[in-house]
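Here's the letter readout for the chains.
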Amino acid sequence: MNKEQDERHVISILMENEAGALSRVAGLFSARGYNIESLTVAPTDDKSLSRMTLVTRGNSDVVEQIMKQLNKLIDVVKVKDLSEIEHVEREMMFIKVSANDMDACGSIKRMADIFRARIVDVKSKTFTIEITGNRDKLNAFIDAVKDHTILELVRSGSMGISRGEKTLGL
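These notes cover the structure that comes with them. Only a predicted model underlies this, so the values are computations on that prediction, with no experimental measurement involved.

1. So, the pairing of strand β1 (residues 8-16)
Within β1, eight of the nine residues are buried, leaving the element largely enclosed by the surrounding structure. With nine bridges connecting them, β1 and strand β3 (residues 49-57) associate as antiparallel partners. Counterpart to M15 in the pairing with β3 is S50. Two strands pair when backbone bridges link them, and β1 and strand β4 (residues 76-81) are joined in this way by five bridges, in the antiparallel orientation. What sits directly across from M15, in β4, is V76.

Now the structure itself:
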């Protein structure tokens, strides 16, 4: 597989906040055999609209087809491939780590501090940590605490927004 076939694309979609809209986008990907690496969606400041950030991989022809198909969906207001412009991208992760002794507690706290993560829950033998950043930072944090038992991990998927004055808005 050549490099162009494996390009990562962050697609931002402004869509009507209607029942079934998410299903239609996912169905489009499924029907055409495109993979969704991550997907986040939530209402915007305008309750009638939602913002979806979708990460997929493919060459420029595949992504061009995806963009055209997304634009044809009735619920879709606007689509932008953020990968083509300067943008900010972040994920959020919760990770629950076992801490059986004081050394483990100290080590986990130090790693959280180093990575600017927040400990959001502490029980007698577990820490739940919240961390936000790009995917490389989150992966590095997982590697940093892998000496401890990771009990549970959940990630939000990527969210992205263009830098500067450019917006996806109407």
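2. So, the nonpolar core
In terms of nonpolar packing, the biggest core is built from 18 residues, with M93, I95, I129, I131 and F141 touching the most fellow members. Within the residue set of this core, elements represented by two or more residues are β5 (87-98), α3 (102-114), β7 (126-133) and α4 (135-144). For this core, the element with the most residues is α3, which contributes five residues. Sequence-distant contacts of F141, that is, excluding residues within four places in its chain, are made with M93, I95, M111, A112, F115, I129 and I131. Within the second largest apolar cluster, 16 residues are counted, among which are M15, M52, L73 and V79.

3. Some thoughts on the environment of G157
With respect to the helices and strands, G157 occurs in the loop between β8 (150-155) and β9 (159-162). Discounting chain neighbours no more than four positions away, the residues touching G157 are S38, T40, R90 and E91.

4. Thoughts on the side chain of T128
Considering the arrangement of structural elements, one finds T128 in strand β7. Other than its neighbours up to four places away in sequence, T128 contacts I95, K96, R118, I119, V120 and D121.

Basis of the calculations
Residues numbered from 1 in each chain as written. Predicted model: local features only at pLDDT ≥ 70, side-chain atom pairs only at ≥ 80, totals over all residues. Heavy atoms only, no water. Buried < 20%, exposed > 50% of the residue type's maximum accessible area, 1.4 Å probe, protein only. Helix = DSSP H or I, 4+ residues; strand = E, 2+ residues; numbered from the N terminus. Pairing = 2+ DSSP bridges. Core = buried A, V, L, I, M, F, W, Y, C linked by side-chain atoms within 4.5 Å. Contact = heavy atoms within 4.5 Å.

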